[in-house]
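# Coordinates in review
So the chains spell out like this:
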Amino acid sequence: MPGRSSWRRRSTSRNGSVRTNPPSVLNPETQDVAAALTLFGAEIRSAVAFKSGALRLVFDTGMHLNSPADPSFEAWQVAGPQGWRFVSLPGGELAVWSTGADEPSTG
């Protein structure tokens, strides 16, 4: 399913336990994605690109956005500082390169 992502909010109670709401799965091709508007303007606190091609973003609001790799499409791409680029390749590989590199490397 191209473009499929999930997000969840984590909250910590006074006693330190963590509660996680069930994730909401977003399919832009088949449903309203208004729930993701809560991420608009939020600051990314953590970003992890996995060798499997999955991406996890954690926002200052406590929301998490997870995007798995797709077997047929580039699921996501991120441009980072100093010309770095990260792309989830079809089939679940991760390509990483900078503007100074000739060809991307895959993980």
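Residues numbered from 1 in each chain as written. Predicted model: local features only at pLDDT ≥ 70, side-chain atom pairs only at ≥ 80, totals over all residues. Heavy atoms only, no water.

## Some thoughts on the overall build of the protein
Regarding its fold elements, the protein presents 0 helices and 10 strands. Across the protein, helices and strands are ordered from the amino to the carboxyl terminus as β-β-β-β-β-β-β-β-β-β. Only carbon and sulfur atoms are counted for the fraction: they give 53% of the accessible area of the protein, which is about 7,100 Å². (Helix = DSSP H or I, 4+ residues; strand = E, 2+ residues; numbered from the N terminus. Areas by Shrake-Rupley, 256 points an atom, 1.4 Å probe, with all protein chains shown as cover.)

## Quick word on the pairing of strand β5 (residues 55-59)
Burial analysis of β5 places 4 of its 5 residues in the buried class, the great majority of the element. Relative to β5, strand β4 (residues 44-49) runs antiparallel, the two being bridged by 5 bridges. Considered in β5, the bridge of valine 48 is made with arginine 56. Taking the residues that link successive antiparallel strands as the turn, the β4-β5 hairpin has 5 residues, and the phi of glycine 53 there is positive, at about 95 degrees. One ladder, built from 4 bridges, connects β5 with strand β6 (residues 63-67); its direction is antiparallel. Directly across from valine 58, in β6, lies its bridge partner histidine 64. The loop that links β5 with its antiparallel partner β6 comprises 3 residues; one of these, glycine 62, has a positive phi angle of about 95 degrees. (Buried < 20%, exposed > 50% of the residue type's maximum accessible area, 1.4 Å probe, protein only. Pairing = 2+ DSSP bridges.)

## Remarks on the pairing of strand β8 (residues 85-89)
Two strands pair when backbone bridges link them, and strand β7 (residues 77-79) and β8 are joined in this way by 3 bridges, in the antiparallel orientation. When the bridges of β8 are listed, valine 78 appears paired with phenylalanine 86. Following β7, the chain reverses through 5 residues before pairing antiparallel with β8; glutamine 82 in that reversal takes a positive phi of roughly 60 degrees. Taking the residues that link successive antiparallel strands as the turn, the β8-strand β9 (residues 93-97) hairpin has 3 residues, and the phi of glycine 91 there is positive, at about 90 degrees.

## Brief notes about the environment of proline 68
Among the structural elements, proline 68 can be located in the loop between β6 and β7. With 15 residues separating them in the primary sequence, proline 68 and glycine 53 have C-alpha atoms 6.7 Å apart.

## Here's the deal with the packing of aromatic side chains
Within the structure shown, the criterion is met by 1 aromatic pair. Judged by centre distance (6.5 Å) and plane angle (25 degrees), the rings of tryptophan 84 and phenylalanine 86 are stacked. (Phe/Tyr/Trp six-rings, centres within 6.5 Å; stacked < 30°, edge-to-face > 60°.)

## Side note on the nonpolar core
Residues Leu39, Ala42, Leu55, Leu57, Phe59, Met63, Leu65, Trp76 and Leu94 constitute the largest nonpolar core, which totals 9 residues. Elements supplying a minimum of two residues to this core: β5 and β6. Of all the elements, β5 adds the most residues to this core, at 3 residues. Those residues within four positions of leucine 55 in sequence are excluded, and the remaining contacts are Val48, Ala49, Leu65, Asn66, Ser67, Trp76 and Val78. (Core = buried A, V, L, I, M, F, W, Y, C linked by side-chain atoms within 4.5 Å. Contact = heavy atoms within 4.5 Å.)

So far we have only geometry, and geometry alone does not tell us how the molecule works.
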